[in-house]
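Breakdown of the fold
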Amino acid sequence: MDGEGFEDREIEEIRRRKAMEELQKKAELERQAQIAAAQRRAALKQILTPEALARLDNIKVVRPELAEALEQQLISLAASGRVKVPIDDATLKKILESVYSQTRREYRFKL
């Protein structure tokens, strides 16, 4: 019986270690995601006027997936020099129309 108790403790220790490793990996991924979000936010603050940034924040509340696509588009446009920085609210609206039409097509269903 002593051997079985030892094996049970050993198995439990292995499970505990695996659970701890998984928690550590999850925490690291969350930390990396937070860093990426902070970097994206800092870039957007440089790219957008305060009014345009406020509009983007409002969009994020209502349509997070659209806001994410728009953020990626804005960063790409600014990095490539295809748009004048800072992007004002009127320009953001035009870009938003373009991104919205692209994402809207993805969800269109035919019956």
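Below you will find a few notes about this structure. The structure presented is a predicted model; accordingly, all values stated were derived computationally and were not measured. The numbering scheme is per chain: residues are counted from 1 as the chain's sequence reads. Predicted model: local features are reported for residues with pLDDT of at least 70 only, side-chain atom pairs are reported and counted for 80 or more only, and whole-chain, interface and lining totals are derived from all residues. Side-chain metrics in this entry use all non-hydrogen atoms of the structure; hydrogen atoms and water are not considered.

Topic: a negative patch on the surface
Short version of the rule: Patches in this entry comprise residues that are over 30% relatively accessible and not in a salt bridge; like charges within 9 Å are linked, as are nonpolar side chains (Val, Leu, Ile, Met, Phe, Trp, Tyr) within 5 Å. Under the convention used here, a 1.4 Å probe and the Shrake-Rupley method define accessible areas, while residue burial counts only the protein chains that appear. We define a salt bridge as a contact between a side-chain nitrogen of Lys or Arg and a carboxyl oxygen of Asp or Glu at a distance within 4 Å. Under the counting rule used here, the positive set is Lys and Arg, the negative set is Asp and Glu, and His together with the chain ends is not counted. By convention, the point assigned to a charge is CZ for Arg, NZ for Lys, CD for Glu and CG for Asp. Residue exposure (1.4 Å probe, protein chains only): buried if accessible area is under 20% of the type maximum, exposed if over 50%, otherwise partly exposed.
There is a patch of like negative charges on the surface, built from Glu4, Glu7, Asp8, Glu10 and Glu12. A relative accessible area of 52% places Asp8 in the exposed class.

Details of the nonpolar core
Formally: We call a set of buried residues a nonpolar core when its members are Ala, Val, Leu, Ile, Met, Phe, Trp, Tyr or Cys and they connect through side-chain atoms within 4.5 Å of each other. A run of H or I in DSSP counts as a helix once it spans at least four residues, and a run of E counts as a strand once it spans at least two, with each numbered from the N terminus. Throughout, a contact is declared for two residues whenever any of their heavy atoms are within 4.5 Å.
Leu48, Leu56, Leu70, Leu74, Ile87, Leu92 and Ile95 are the most contacted members of the largest nonpolar core, which has 18 residues in total. Going through the elements one at a time, helix 1 (2–47), helix 2 (50–62), helix 3 (64–80) and helix 4 (89–106) are the ones with two or more residues in this core. Broken down by element, the residue count for this core peaks at five residues, all from helix 3. Excluding residues within four positions of it along the chain, Ile87 makes contact with Ile47, Leu48, Thr49, Ala52, Leu74, Leu92 and Ile95.

Focus: the pattern of salt bridges
In the structure shown here, the tally under the stated rule is eight salt bridges. The closest approach of N and O atoms between Asp89 and Arg55, which form a salt bridge, is 2.6 Å. Note that Asp89 is positioned in helix 4 and Arg55 in helix 2, a separation of 34 residues in sequence. By relative accessible area, Asp89 is classed as buried at 18%.

Re the packing of helix 2 against helix 3
The following threshold applies: Angles here are taken between N-to-C directions and fall from 0 to 180 degrees, while the axes themselves are lines fitted to C-alpha atoms, restricted in helices to the stretch in contact. Put simply, Ala, Val, Leu, Ile, Met, Phe, Trp, Tyr, Cys and Pro go in the nonpolar bin, Asp, Glu, Lys and Arg in the charged bin, and everything else, Gly too, in the polar bin.
At a closest axis distance of 6 Å, the pairing of helix 2 and helix 3 adopts a crossing angle of 145°. On helix 3, the residues that touch Leu56, Ile59, Lys60, Val61 and Val62 of helix 2 are Pro64, Leu66, Ala67, Leu70, Glu71 and Leu74. Of the residues in the contact of helix 2 with helix 3, the class split is nine nonpolar, no polar and two charged.

A short note on the side chain of Glu71
Applied cut-off: Polar contact is the term for a pair of N or O atoms within 3.5 Å; when the atoms are in protein, one must be able to donate a hydrogen and the other to accept it, and sequence-neighboring residues count only if both atoms are side-chain atoms.
Among the structural elements, Glu71 can be located in helix 3. Of the residues examined, Glu71 reaches a relative accessible area of 3% and is grouped as buried. Only 2.9 Å separates the side chain of Glu71 from the side chain of Arg40, close enough to count as a polar contact. Residues within four places of Glu71 in sequence aside, it is in contact with Arg40, Leu44, Leu56 and Lys60.

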